[in-house]
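# Coordinate inspection notes
Listed below are the residues making up each chain.
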Amino acid sequence: MAVRLPPLNALRAFEASARHLSFTRAAEELFVTQAAISHQIKSLEEHLALKLFMRKNRALLLTEEGQSYYSDIKNVFNLLHEATEKLLARGAKGAITVSLQPSFAIQWLVPRLNAFNLLNPDVDVRIKAVDQAENSLTEDVDIAIFHGRGRWQGVHIDKLHTEYLVPVCSPLLLEGTKPLNTVHDLTNHTLLHDTSRRDWKRWFKDVGVKGTNVNHGPIFSHSAMVVQAAVYGQGIALAQSVLAKPDLDAGRLVKPVSHTLISKDSFYLVCREHQVDVGKIAAFREWVLETVAAEEQLNDE
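Residues numbered from 1 in each chain as written. Predicted model: local features only at pLDDT ≥ 70, side-chain atom pairs only at ≥ 80, totals over all residues. Heavy atoms only, no water.

### Quick look at a positive patch on the surface
Our working definition: Patches draw on residues past 30% relative accessible area with no salt bridge. Two like charges within 9 Å are joined, as are two nonpolar side chains (Val, Leu, Ile, Met, Phe, Trp, Tyr) within 5 Å. With residues, only the protein chains shown are counted as cover, and all accessible areas are computed by Shrake-Rupley using a 1.4 Å probe. Salt bridges are counted wherever a side-chain nitrogen of Lys or Arg sits within 4 Å of a carboxyl oxygen of Asp or Glu. In this count, Lys and Arg are taken as positive residues and Asp and Glu as negative ones, while His and the chain termini are left out. A charge is said to be at NZ when it belongs to Lys, at CZ for Arg, at CG for Asp and at CD for Glu. Only DSSP runs of H or I reaching four residues or more are called helices, and only runs of E reaching two or more are called strands; each is numbered from the N terminus.
There is a patch of like positive charges on the surface, built from Arg198, Lys201, Lys205 and Lys264. You can see lysine 201 is positioned in helix α7 (residues 198–206).

### Side note on the side chain of histidine 156
Stated precisely, the cut-off is as follows: Any N or O atom pair separated by 3.5 Å or less is treated as a polar contact, with the protein-specific requirement of one donor-capable and one acceptor-capable atom, and with residues adjacent in sequence counted only for side-chain atom pairs. Residues count as neighbours in contact if any of their non-hydrogen atoms are within 4.5 Å of one another.
One can find histidine 156 in strand β6 (residues 155–161). Polar side-chain contacts of histidine 156 include one of 3.2 Å to the side chain of arginine 285. Discounting chain neighbours no more than four positions away, the residues touching histidine 156 are Leu269, Val270, Cys271, Arg272, Glu273, Val276 and Arg285.

### With respect to the sheet that holds strand β11 (residues 261–262)
Note the threshold: For two strands to be treated as a pair, DSSP must find no fewer than two bridges joining them. Helix axes are fitted to C-alpha atoms over the stretch in contact, other axes to C-alpha atoms as well, and angles between N-to-C directions run from 0 to 180 degrees.
A sheet is described by the order of its strands in space; here five strands give the open sequence β9-β8-β10-β7-β11, paired in mixed fashion. Among the strands making up the open sheet, the edge pair consists of β9 (219–220) and β11. Here strand β7 (residues 164–168) runs beside strand β10 (residues 236–240); their pairing, made up of four bridges, is antiparallel. From the neighbouring strand, proline 167 faces β10, where its bridge partner is leucine 238. Sheet strands in contact with helix α8 (residues 223–231) are β7, β8 (191–194), β9 and β10, and its direction is about 165° off that of β8. Contacting β7 and β10, helix α9 (residues 241–249) runs over the sheet at an angle of about 120° to β10.

### Observations regarding the nonpolar core
As a reminder, the rule being used: Residue types Ala, Val, Leu, Ile, Met, Phe, Trp, Tyr and Cys, when buried and joined through side-chain atoms within 4.5 Å, form a set referred to as a nonpolar core. Buried, partly exposed and exposed residues are distinguished by accessible area as a fraction of the type maximum, computed with a 1.4 Å probe on protein chains only: under 20%, between the cut-offs, and over 50%, respectively.
Phe104, Leu109, Phe116, Ile143, Leu160, Phe284 and Val288 are the most contacted members of the largest nonpolar core, which has 26 residues in total. Looking at this core, the elements that each hand over two or more residues are β3 (94–100), α5 (102–119), β4 (123–129), β5 (143–148), α9, β12 (266–272) and α10 (279–300). Ignoring sequence-local partners within four residues, the contact set of phenylalanine 104 consists of Leu109, Ile145, Leu160, His161, Val242, Leu243 and Phe267. Core analysis: the next-biggest nonpolar cluster, separate from the first, contains 20 residues, Phe14, Ala27, Leu30 and Leu44 among them.

### Side note on the pattern of salt bridges
Any two side chains of opposite charge can pair, so long as their charged atoms come close to each other. Considering all chains together, one arrives at nine salt bridges under this definition. Residue glutamate 29 pairs with arginine 19 through a salt bridge whose shortest N-O separation is 2.9 Å. Separated by 10 residues along the polypeptide, glutamate 29 in helix α2 (residues 23–30) and arginine 19 in helix α1 (residues 8–20) bring together distant segments of the chain. According to the relative accessible area criterion, glutamate 29 is partly exposed, its value standing at 34%. According to the relative accessible area criterion, arginine 19 is partly exposed, its value standing at 38%. For aspartate 140, the salt bridge is made with lysine 128, and the minimal N-O distance between the two is 3.1 Å. Of this pair, aspartate 140 sits in the loop between β4 and β5 while lysine 128 sits in strand β4, and the two are 12 residues apart along the sequence.

The following block contains the structure:
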């Protein structure tokens, strides 16, 4: 008849307590209470029908049986640690599939991707472009960048940017025959819409301009398209700030008026909870977060 092994939590508590000869330090290492360690040790001793620890002059000592058991147990835990480190090291190499909207890939990720490749030459990044509505981690995806309210369940989420909606247009429009100096002047130009007309309605309401008809102008299914339409002088776009930034920095776009609107949606880095610390996923996640933080610091200076 097979011998039933003790619970792993009890063995972890025993190994840590025996190594430190302290329930308190074992509790600190395992992020539990001292009472929890004592309970685990008691259950292990009952399971084995052996006394593993004894007290002498208030010091915690191993019994003869406890010392023998610890000598064998610590080797098992060392093997587990080595196996885990090997697995994570192997996970730091190979290919990683990143899923995101084409607009964010084109305007933000792809121009910066070489920096990640230089830091992680053993990781091949595969970009999978998906529609905006496909905010889901399919089996072939390791990590994704979602756009929305950050309310997805069962995944690890890191917010990247606080998004602002900014009016942008080609500098050529400023030199045209129609004036473009105030928010009221915008109504005399073609409005370009990103997926719907709701954002322009919110923007005009926020600036206090009433009775504006925004039910005109083309609607684009991808954010990069509305930005490019503005670059080519086709009208004024209410663009996501992070996506418009490259063209604003290059002078291909300008802000005809200064008023911006905080977007209800933002970009989020998303991966499975149990894979947050897996080598290549952790490397990509840390690189994205560090890049975003560094760029935001430059913008604040």
